[in-house]
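Structural characterization, general
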Amino acid sequence: YSGGVYDSKRDRLVIWGGGHADYRGNEIYVFDVGTLQWERLTEPSEASLCQQVNSDGTPNSRHTYNGIAYIEHADRFFGSGGALACNPGGCGADKTWTFDFDSKQWKDMKPKLKPRTDCENVSAYDPESKKVWWFDVPGLWSYNYDNNKWRQHNEDYISRRTAAVDTKRGLLLVVGQEQVVAYNIRDGDYTQRVWNTVGAESLIKKWSPGLAYDPVADRMVGWAGGSVFSLNMDTKIWTEHKASGGPNVDSLNDVYGLWRYIPSLNAFIVMSGAQKNVYFYKLAEIGG
């Protein structure tokens, strides 16, 4: 029940997870695209079960769901919410954490206002607004790292789905649980718009499919095992891309942020399990 983010500065997939009644370690792992090697970036702390903060001041391990992001302009890893290492459940982790990749240090940001978190959060970073857009119970929120402030924008209930930002149109797209919804995060109108898309019913019905925006092809691209689907954001039509040799997702409950776009390669990266290979996918040229 955990995802990942893509560190575009260093070209690596960042994984952080564990939690609930599963693994208690809170270490961070990265997969370097240049070397094709894994690295354990931090050592695991001794877990303080059912507590948000371990005795060494680091955040407790957790199922992250889609509650993590890479704040690109600040070069920080962001995390909040999820299900803490705690046999009874561990929901309600409302602290706002960031991680400095250079110093390899966590920081409890301690904002004055913060959302009440549940477990199965949904988030996506927008490089234009420089904010993490975040769904919790209830509502759409945004987090501004530069002034360390949260802001609530509506009371829509969105949970256990996946979000990504179309940077060309300024749209926050949310996919999962048989629904596609969009929010215009640039014009200040945060009304939910339900899209009637066609061509990817098998993807949309998943709870938290992989989802990322490809700015070169100008398509929102999703994957949840099997075929890859790309969405034309203007016509709202999905195109199915069949490809052999892809990973088996039987071991995954959901894909979450384990499917990410790599700007330097104009391709996608995905991992399908702790003991599985990492895969790359190149979308066929659109309209070529």
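Above this text sits the structure in question.
Below is a short write-up of the structure.

Turning our attention to the sheet that holds strand 3 (residues 29-32). Strand order in this open sheet of four strands is 1-2-3-4, and the pairing throughout is antiparallel. The sheet is open, and its two borders are formed by strand 1 (4-7) and strand 4 (37-40), each paired with just one other strand. With strand direction ignored, the average angle separating the axes of adjacent strands in the sheet is 25°. Bridge count for strand 1 against strand 2 (residues 12-15) is four bridges, and the pairing is antiparallel.

Attention shifts here to the state of the cysteines. Joining two cysteines, a disulfide is a covalent bond between their sulfur atoms. Tallying each qualifying case throughout the model produces two disulfides. The disulfide bridge from Cys 50 ends at Cys 86, spanning 2.0 Å between sulfur atoms. Because the torsion about its S-S bond is 85°, the bridge between Cys 50 and Cys 86 counts as right-handed. Here Cys 50 is found in the loop between strand 4 and strand 5 (62-63), whereas its partner Cys 86 is found in the loop between strand 8 (83-84) and strand 9 (97-100), with 36 residues between them in sequence. The exposure class assigned to Cys 86 is buried, which follows from its relative accessible area of 5%. For Cys 91, the disulfide goes to Cys 119, at an S-S distance of 1.8 Å. Measuring handedness by torsion sign, the sulfur bridge of Cys 91 and Cys 119 sits at about -100° and is left-handed. Of this pair, Cys 91 sits in the loop between strand 8 and strand 9 while Cys 119 is found in the loop between strand 10 (105-108) and strand 11 (122-126), placing the two residues 28 residues apart along the sequence. Given a relative accessible area of 46%, Cys 91 falls into the partly exposed group.

Thresholds applied
Residues numbered from 1 in each chain as written. Predicted model: local features only at pLDDT ≥ 70, side-chain atom pairs only at ≥ 80, totals over all residues. Heavy atoms only, no water. Pairing = 2+ DSSP bridges. Helix = DSSP H or I, 4+ residues; strand = E, 2+ residues; numbered from the N terminus. Axes fitted to C-alpha atoms, helices over the stretch in contact; angles between N-to-C directions. Disulfide = S-S within 2.5 Å. Buried < 20%, exposed > 50% of the residue type's maximum accessible area, 1.4 Å probe, protein only.

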